[in-house]
Amino acid sequence: MSAAKKGKLANYWAASCGGCEIAVLGINEKILDVAEAFDIVLWPVAVDAKVHSIEKMADKSIDLCLFNGAIRTSEQEYMARLLRRKSKVMVAFGSCAHEGCIPALANVSNREEIFQTAYHDTPSTDNPNGVRPQTETEVEEGKLYLPLFYDTVKTLDQTVEVDYYLPGCPPEPERIWDAIVAILEGKLPAPGSVIGATTTVCDDCPRTREEKKIKEFKRTWEIIPDPDICLLEQGLVCCGIATRAGCGALCPTVGSPCIGCYGPNEGVEDFGARMMTALASVIDSDDPEEIERIIQEGIPDPIGTFYRFSLAASQLRRKTLEGLDPSGASA
Amino acid sequence: MSEKVGVYICHCGSNIAGVVDVEDVAKFAGEQIENVAVSRDYKFMCSSLGQELIEEDIRKEGLTRVVVAACSPHLHEKTFRRACANAGLNPYLCHMTSIREQVSWVIEDKAVATEKAKAMVAAAVKRVELHEELEPSEVPVNPNTLVVGGGITGIQAAIELADAGYPVYLVEREPSIGGHMAQFDKTFPTLDCAACILTPKMSDVGSHPNIHLLSYSEVEDISGYVGNFHVRIRKKARYVDEEACTGCGICIEKCPKKVVDDVFEAGMGYRKSIYRPFPQAVPNWPVIDTESCTYFERGKCKACEIFCPTEAIDFEQQDSYIDIDVGNVILATGYDLFDARKVPQYGYGRLANVFTSLEFERMCNASGPTEGKIVLRDGITEPKSVAIIHCVGSRDENHNPYCSSICCMSALKFGHLVMEKTDAEVTSFYIDVRTSQKGYEEFYNRLLEEGMHFVRGKAAEITDAARQPGEEGKLIVQAEDTLLGKQRRVPVDMVILMSALEPKADAKDVGLQFGISCSMEGWFTERHPKLDPVATMTDGIFVAGVAQGPKDIPASVAQGAAAAARVQGMITAGTVEIEPIVATIHEEICSGCKICNNLCPFNAIEFLEDKEVSYVNAALCKGCGTCVAACPAQAISGAHFNNDQIFAEIGGILYDAIGGNGAKAPAKSKEPAPA
Ligand SMILES: Cc1cc2nc3c(=O)[nH]c(=O)nc-3n(C[C@H](O)[C@H](O)[C@H](O)COP(=O)(O)OP(=O)(O)OC[C@H]3O[C@@H](n4cnc5c(N)ncnc54)[C@H](O)[C@@H]3O)c2cc1C
Ligand code: SF4
Ligand code: SF4
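Reading the values: rules and limits
- Residues numbered from 1 in each chain as written.
- Chains lettered and ligands numbered in written order.
- Predicted model: local features only at pLDDT ≥ 70, side-chain atom pairs only at ≥ 80, totals over all residues.
- Heavy atoms only, no water.
- Helix = DSSP H or I, 4+ residues; strand = E, 2+ residues; numbered from the N terminus.
- Buried < 20%, exposed > 50% of the residue type's maximum accessible area, 1.4 Å probe, protein only.
- Contact = heavy atoms within 4.5 Å.
- Areas by Shrake-Rupley, 256 points an atom, 1.4 Å probe, with all protein chains shown as cover.
- Rg over C-alpha atoms; globule rule 2.2 N^0.38 Å.
- Lys, Arg positive; Asp, Glu negative; His and termini not counted.
- Charge placed at Lys NZ, Arg CZ, Asp CG, Glu CD.
- Arc of directions from axis to C-beta.
- Near = heavy atom within 4 Å.
- Nonpolar A, V, L, I, M, F, W, Y, C, P; charged D, E, K, R; others polar.
- Domains from an automatic or database assignment.
- Polar contact = N/O pair within 3.5 Å; in protein donor to acceptor, adjacent residues only side chain to side chain.
- Buried area = accessible area lost by both parts, 1.4 Å probe.
- Salt bridge = Lys/Arg side-chain N within 4 Å of Asp/Glu carboxyl O.
- Patch = residues over 30% accessible without salt bridge, like charges linked within 9 Å, V, L, I, M, F, W, Y side chains within 5 Å.
- Core = buried A, V, L, I, M, F, W, Y, C linked by side-chain atoms within 4.5 Å.
- Pairing = 2+ DSSP bridges.
- Axes fitted to C-alpha atoms, helices over the stretch in contact; angles between N-to-C directions.
- Disulfide = S-S within 2.5 Å.
- Left-handed = near helix turned anticlockwise from the far one by under 90°.

Visitor: It is not clear to me how the overall build of chain B should be interpreted in this structure. Could you clarify?
Guide: Across its full length, chain B holds 17 helices and 34 strands. Dimensions along the principal axes, computed over C-alpha positions, put chain B at roughly 95 × 70 × 55 Å. Within chain B, buried positions represent 55% of all 675 residues. Counting only contacts in chain B whose residues sit at least 6 apart along the sequence, the fraction spanning at least 24 positions is 69%. Accessible surface, chain B: about 29,600 Å² in total, of which carbon and sulfur atoms supply 50%.

Okay, here's the thing in structure tokens:
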């Protein structure tokens, strides 16, 4: 690739665990090629840069922004909007930015409930004065500001326009590198696309597959799975059937069911709905009571199982706020 | 380029216009739905003038899509598709929405009905814009036909087709064809002898060059699709070599083992271990019943083998399989009789002289167990009084809610036979006497004249516990005479229970095997109860006779002939169009997970081992969508039911809620106000 004119690269970290920031380093020595091709203007985990210096940059002066993390606070939303304005290409990097991921599981709750739990109810909390985060606090030295904590976690594209998505929790280094190469060489798919495969994890999975008839769902601790047979056929809820390929079937290969971090396949509106209709289709019973039992016993946490990564992006998006303790402004 | 949609709102006389403000709906569509170029309401869209309206608009206005809001697509989708095709528009770019069945017939409030009609029209416009041009494919029709069940219905169907020159495979489970009719003595209302009218047809079947009769056989497996079914038939071992057997019957004579015949003789008589159900059986080769045969039980005997003049007995015979290809199937599997033991208060099985209708038929039959004499269970005493109980297991919410339709007439027939053959008094206990076919009411009048008594009341109990003088040693029928308004106890010598007709015990399995459905009660479901009574939702599979619902012999024969005529129509056409609204698996998306492989009710899905992907055989697919919903990778798309079309339709339905036109759910959220 030519380094005639160096591009500008920003990485940013919103509501996420930070793994995505580190994942970029997973490309190993190829990071040097990246550094050769780009000036890195922002990368909280690795490069010292200031928000105000970004604010001062001309609009669209950043060539590529890899934005990881969901949008949970006003500050994250501000950064998303800022970087969108400054960047030519905005990539939702990793599952949190793409579809909400683990942070968005909090969408079964709201700010009030979360604060109540975090600042009062947990056994390890000692908060005699009932202190809670405020957006403004007067102290001797003046006013302090904290970002507003929203009721709802949103995906990046529910906040700003996104050009490309790089799925995964975190994205695999090979896929990151493929994407960077594609961007550098200008061989990008149509805007709005997910950069990745169009089939699912099963395609890469080495296990043998047969027609499926499931009499009982098993939890991972209940069985030592046969090494060669499809995990789903052994009763483990393997989400590989619905999850976009890209990881190389890492988990199922070593006997652990896919949990769906690469998100839904191309064109799928709702990952959880796909998983549920697929599993419902292969439960081996015609008796409604038995089916009920198979589901109740085998899948005690349907949201955590089927929407672990995608609740914010799903058609459910969140639990209705009416059912929850109302609190101040909603997001 | 945006589409030009024509919208047509049908009044259906006053069927729709009486409830829905059709003009308002047409105006709404024309003014408020995007891309609607023409919007009209018309008295009868299905009339030739209505169709011409569409054709003219397509030609003059250059419509690219058509929506007809009228009755159910079941009725007129073809009509309007054809109109579009006539005007050069791909027929699949036409969509019908039902504002009669789903709106005017089910909503009374005019304003609400009109609003719903608008929503449905908006939905139809939104979805039709995304319709794709589809082309039906054509497949050839194999001229062979499979008829399952050799009762009078199947016999009629087979003969009609064979006489027309087409090969028929007639598969009958029992050793002989004939079905229930072969068990009867006389048939109502004309009282002609059942055997006299049935056996000529049976022997016609047996000798017809175009009929391959496979008796004592069952369909093991069926695959394929209309015009092109592959069928595997299991011929159960008879232990008699059909080539060698001449049907002389010496083996039956010599067999030392006698058992109760529960099937043909309804438990009233005996047969040998090697037997044919009745003397005129077709085919007339006997079969060995291995469960009772001494040789199969104990390894010794072989009397039949010793005496058979042609060495036809073969104790080593095995079930054999025959594979055939047919274009169409007629299911004429008939019925079972309700088990009268399920109504314990009538005492069947406990009180000796309570008989079922079928037992009585056998008793009346000259070649039956009593040689036609009507006698009590002791085999000698003639009854002096007989009670006939209607609706045993029919019109009874504890058993079957439906009317078995033939029992009243059979009861009258029995009354006549009793009075003809004995001096007994006959009393019928009925809820209603139903005699609605040709010559039936006349038969009822004849029995009234002949002196049969009628008590209008459902029998409450049949008991042998005498309470009053004259009741000792009798069966007492206790019933409320609803015409007199009082309880009655009628002592009789014999009681006949008119048991209900029920779906065959295995009707559901047979339905599943052939890919057709059963009603709640278990009768095979026809395509349309009035207008398409012998076709089913599965092309190429027809139903006829009592298997489709209770009926008498004339109606069964008519259906058998009707099904044969439908099949002939298919055969003479030579090819059949296959609906293009089918599922397609996109190879590049399919991961080969095999979730879908077991799901298709029509066995349309196969797995391509070489490519490691699944595949839908379009000729078999009925577009039901089961697999489309199940595929976790969304590798399967259903034509006319892809996500975009469905969401557009939902968006249209909700036009009111989500703001008029182009709404395309699911919308990504609007940006929140900056905090
Ligand atoms: C007591 C009584 C008296 C009656 N009297 C009269 C009367 O006088 N006049 C009148 O019009 N009607 C009468 N009926 C009605 C009459 O019996 C029916 O209308 C007629 O028999 C229906 O014929 P079918 O061929 O449809 O069914 P069936 O006679 O039941 O024949 C069905 C055939 O299919 C075979 N079969 C079933 N399942 C399979 C399978 N899976 N594979 C292969 N073969 C199979 C059976 O063995 C049977 O041979 C009477 C009914 C009863 C119960
Ligand atoms: S369910 Fe979908 S991905 Fe799985 S085998 Fe069938 S078509 Fe392929
Ligand atoms: S849509 Fe799928 S399940 Fe339904 S008939 Fe077609 S292939 Fe079979």
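We are not done yet, so read on.
Visitor: Is there a simple way to think about the overall build of chain A in this case?
Guide: From N to C terminus, chain A includes 11 helices and 9 strands. Its C-alpha atoms give chain A a radius of gyration of 22 Å, near enough to 20 Å, the size a compact globule of 331 residues would have. Along the three orthogonal principal directions, the C-alpha set of chain A runs to about 65 × 60 × 30 Å. Per-residue burial over chain A gives 48% buried out of 331 residues. Carbon and sulfur atoms make up 54% of the accessible area of chain A, which totals about 15,700 Å². Charged side chains of chain A number 33 positive and 50 negative; the gap between the two group centres comes to 6 Å.

Visitor: I would appreciate a short explanation of helix H14 (residues 507–514) of chain B in the present structure.
Guide: One turn of an α-helix holds 3.6 residues; hence residues three or four places apart share an orientation. Residues and elements named next belong to chain B. Those residues of H14 that sit buried are Ala507, Val510, Gly511 and Phe514. Down the axis of H14, the smallest arc covering the buried residues is 105 degrees, so these residues share one side. The exposed residues of H14 that point more than 90 degrees off its buried face are Lys508, Asp509 and Leu512. Packed against the buried residues of H14 are strand E6 (145–148), strand E11 (217–225), strand E18 (328–331), strand E28 (501–503) and strand E29 (541–543). Directly after H14, the chain includes Gly515, whose backbone phi takes a positive value near 70 degrees.

Visitor: Please clarify how the site of ligand 2 should be interpreted in this entry.
Guide: Inspection of the region around ligand 2 gives 13 residues, with B:Cys590, B:Cys593, B:Lys594, B:Cys596 and B:Cys631 positioned closest. Taken together, the residues that form the shell around ligand 2 break down as 9 nonpolar, 3 polar and 1 charged.

Visitor: Whenever I open this one, the domain arrangement of chain B confuses me. Can you help?
Guide: How big an interface is tends to be stated in terms of accessible area lost as the parts join. Structurally, chain B comprises domain 1 (5–134), domain 2 (145–235 + 322–334 + 504–575), domain 3 (250–307), domain 4 (336–502) and domain 5 (583–638). Taken over C-alpha atoms, the centre of domain 1 of chain B sits 40 Å from the centre of domain 2 of chain B.

Visitor: I would appreciate a short explanation of the site of ligand 1 in the present structure.
Guide: Residue and element names in this part refer to chain B. Around ligand 1 lies a shell of 36 residues, among which Thr153, Glu172, His180, Tyr335 and Lys413 are the nearest. A distance of 2.6 Å separates an oxygen atom of ligand 1 from a polar atom in the side chain of Glu172. In this structure, Tyr335 approaches ligand 1 through a side-chain N or O atom, which is 2.7 Å from an oxygen atom. When the free accessible area of ligand 1 is taken as 1,000 Å², the share hidden by the protein chains comes to 97%.

Visitor: What is the right way to look at the interface of chain B and chain A in this model?
Guide: Counting residues at the interface gives 29 residues for chain B, matched by 34 residues for chain A. Carbon and sulfur atoms make up 48% of the surface buried where chain B meets chain A, a total of about 2,600 Å² over both sides. The partner of A:Glu210 in a salt bridge is B:Lys594, with the nearest N and O atoms 3.7 Å apart. Here chain B is connected to chain A by 12 residue pairs in polar contact (both at pLDDT 80 or more). Here the side of chain B that touches chain A gets 3 residues from one element, more than from any other, and that element is helix H16 (residues 626–630) of chain B. A per-class count over the side of chain B that touches chain A returns 17 nonpolar, 7 polar and 5 charged.

Visitor: It is not clear to me how a negative patch on the surface should be interpreted in this structure. Could you clarify?
Guide: There is a patch of like negative charges on the surface, built from A:Asp203, A:Asp204, B:Glu609, B:Asp610 and B:Glu612. Topologically, A:Asp204 is positioned in the loop between helix H7 (173–184) and helix H8 (250–253).

Visitor: I would appreciate a short explanation of the side chain of A:Ser314 in the present structure.
Guide: Note on placement: A:Ser314 falls in the segment after helix H11 (302–306). A distance of 2.7 Å separates a polar atom in the side chain of A:Ser314 from the backbone oxygen of A:Leu311.

Visitor: Can you walk me through the nonpolar core in this structure?
Guide: Side chains of nonpolar character tend, in soluble globular proteins, to be buried together. Residues and elements named next belong to chain B. Judged by nonpolar contacts, the single largest core of 100 residues is most densely connected at Ile330, Phe360, Ile388 and Met494. Sort the elements by how many residues they give to this core and helix H12 (residues 407–421) lands first, with 8 residues. Val5, Val38, Met45 and Ala117 belong to the second-largest nonpolar core, a separate cluster that totals 47 residues.

Visitor: When you look at the sheet that holds strand E10 (residues 211–214) of chain B in this model, what are you seeing that I'm missing?
Guide: To summarise the sheet geometry, strands pair through backbone hydrogen bonds and adopt either a parallel or an antiparallel arrangement. Residues and elements named next belong to chain B. Strand order across the open sheet formed by 5 strands is E10-E7-E6-E18-E29, with parallel pairing between neighbours. Sheet topology places E10 and E29 at the edges, where each strand pairs with a single neighbour. Across the sheet, the axes of successive neighbouring strands diverge by a mean angle of 20 degrees, strand direction being ignored. The pairing of E6 with E18 spans 4 bridges and is classified as parallel. Opposite Leu146, over in E18, you have Val329 as the bridge partner.

Visitor: Is there a simple way to explain the pairing of strand E1 (residues 7–13) of chain A in this structure?
Guide: Looking along a regular strand, one sees side chains alternate from face to face of the sheet. Residue and element names in this part refer to chain A. Extensive coverage of E1 is indicated by the burial of 5 of its 7 residues. With 4 bridges connecting them, E1 and strand E2 (residues 38–42) associate as parallel partners. From the neighbouring strand, Gly7 faces E2, where its bridge partner is Phe38. One ladder, built from 5 bridges, connects E1 with strand E3 (residues 62–68); its direction is parallel. Within E3, the position partnered with Trp13 by the bridge is Asn68.

Visitor: What am I meant to see in the pattern of salt bridges here?
Guide: If charged atoms from side chains of opposite charge come close, those side chains can pair. Considering all chains together, one arrives at 55 salt bridges over all chains under this definition. Put simply, A:Lys187 and A:Glu185 hold a salt bridge, and the shortest N to O gap is 3.5 Å. On the basis of relative accessibility, which here comes to 61%, the residue A:Lys187 falls in the exposed class. Linking B:Glu579 and B:Arg81 is a salt bridge whose minimum nitrogen-to-oxygen distance equals 3.2 Å. Of this pair, B:Glu579 sits in the loop between strand E30 (575–578) and strand E31 (583–585) while B:Arg81 sits in helix H3 (residues 73–86), and the two are 498 residues apart along the sequence. When its relative accessible area of 10% is taken as the criterion, B:Arg81 is described as buried. A single salt-bridge network, built from bridges that share partners, covers B:Arg173, B:Glu218, B:Lys236 and B:Asp506.

Visitor: Which parts of the structure should I look at to understand the state of the cysteines?
Guide: Throughout this description, disulfide means a covalent bond between two cysteine sulfur atoms. Residues and elements named next belong to chain B. Tallied over the full model, the rule gives 1 disulfide over all chains. A disulfide bridge connects Cys193 with Cys196, and the sulfur atoms are separated by 2.2 Å. For the disulfide bridge between Cys193 and Cys196, the dihedral angle about the S-S bond is near 95 degrees, and by the sign convention the bridge is right-handed. Of all cysteine sulfurs in the structure, the one in Cys403 sits closest to Cys407, which takes part in no disulfide; the separation is 6.8 Å.

Visitor: Looking at this structure, I do not really get the packing of helix H1 (residues 22–32) of chain B against helix H5 (residues 110–128) of chain B. What am I missing?
Guide: All names here are of chain B. Two numbers describe how H1 lies on H5: the axes approach to 10 Å, and their chain directions differ by 35 degrees. Once H1 is placed against H5, the crossing between them reads as right-handed. Judged by residue contacts, Asp24, Val25, Phe28 and Ala29 of H1 engage Thr114, Ala117, Lys118 and Val121 from H5. Within the contact of H1 with H5, the residues separate by chemical class into 5 nonpolar, 1 polar and 2 charged.

Visitor: Whenever I open this one, the environment of A:Cys20 confuses me. Can you help?
Guide: Residues and elements named next belong to chain A. Relative to the helices and strands, Cys20 resides in helix H1 (residues 19–23). With a relative accessible area of 9%, Cys20 lands in the buried category. In this structure, the C-alpha to C-alpha distance between Cys20 and Thr159, residues 139 residues apart in sequence, is 19 Å.

Visitor: I'm lost on unusual backbone geometry in this one. Help?
Guide: Note that the residue after A:Cys169, namely A:Pro170, is joined by a cis bond; omega there is -5 degrees. Residue placement: A:Pro170 occurs in the loop between strand E9 (164–166) and H7. The linkage connecting B:Val282 with the following residue, B:Pro283, adopts the cis geometry, with an omega of -5 degrees. Turning to its location among the elements, B:Pro283 is positioned in the loop between strand E15 (274–275) and strand E16 (287–288). Here A:Asn28, not a glycine, exhibits a phi torsion of approximately 55 degrees, which is positive. You can see A:Asn28 is positioned in the loop between H1 and helix H2 (30–37). Located in the positive-phi region is B:Lys302, a residue other than glycine, with phi close to 55 degrees. When you line up the elements, B:Lys302 lands in the loop between helix H9 (294–298) and helix H10 (303–307).

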